[in-house]
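These are the residues of each chain, in order.
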Amino acid sequence: MNANSWYMSMILSIFIAVLAFVFGTKVFGYDTQQQAREVGIFIGLWAPTFGALGIRAQLNNKS
């Protein structure tokens, strides 16, 4: 994958994490607000990983 795809994945994971954290019981149908927040935090932790993979892809393209 190229760097832009990784960066787009990063932005998408942040968007989904905010949706799950704030509106998880209504949008995704979680039973409790606590469960929705835990899933939101879990998905939100993917963003730094995708960002690091995007930087790696950029550095690999330069060399």
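An account of the accompanying structure is given in this report. The model shown is predicted, which means the values in this text are computed figures rather than measured ones.

### Topic: the overall build of the protein
- Along the backbone of the protein there are three helices and zero strands.
- Mapped in sequence order, the helices and strands of the protein form the string α-α-α.
- Its C-alpha radius of gyration of 14 Å places the protein more than 25% over the 11 Å reference for a compact globule of 63 residues.
- Projected onto its principal axes, the C-alpha positions of the protein cover 50 × 15 × 15 Å.
- Within the protein, the fraction of its 63 residues that count as buried is 21%.
- Across the protein, contacts joining residues at least 24 apart in sequence account for 54% of those joining residues at least 6 apart.
- Carbon together with sulfur atoms contributes 66% to the accessible area of the protein, which is approximately 4600 Å² in total.

### Considering a nonpolar patch on the surface
- On the surface, a cluster of nonpolar side chains totalling about 1100 Å² of accessible area is made up of Leu-12, Ile-14, Phe-15, Ile-16, Val-18, Phe-21, Val-22, Phe-23, Val-27, Phe-28, Ile-41 and Leu-45.
- If you tally residues by element for the nonpolar patch, the top one is helix 1 (residues 3-27), at nine residues.
- Inspection of the secondary structure puts Ile-14 in helix 1.

The rules behind each value
- Residues numbered from 1 in each chain as written.
- Predicted model: local features only at pLDDT ≥ 70, side-chain atom pairs only at ≥ 80, totals over all residues.
- Heavy atoms only, no water.
- Helix = DSSP H or I, 4+ residues; strand = E, 2+ residues; numbered from the N terminus.
- Rg over C-alpha atoms; globule rule 2.2 N^0.38 Å.
- Buried < 20%, exposed > 50% of the residue type's maximum accessible area, 1.4 Å probe, protein only.
- Contact = heavy atoms within 4.5 Å.
- Areas by Shrake-Rupley, 256 points an atom, 1.4 Å probe, with all protein chains shown as cover.
- Patch = residues over 30% accessible without salt bridge, like charges linked within 9 Å, V, L, I, M, F, W, Y side chains within 5 Å.
- Salt bridge = Lys/Arg side-chain N within 4 Å of Asp/Glu carboxyl O.

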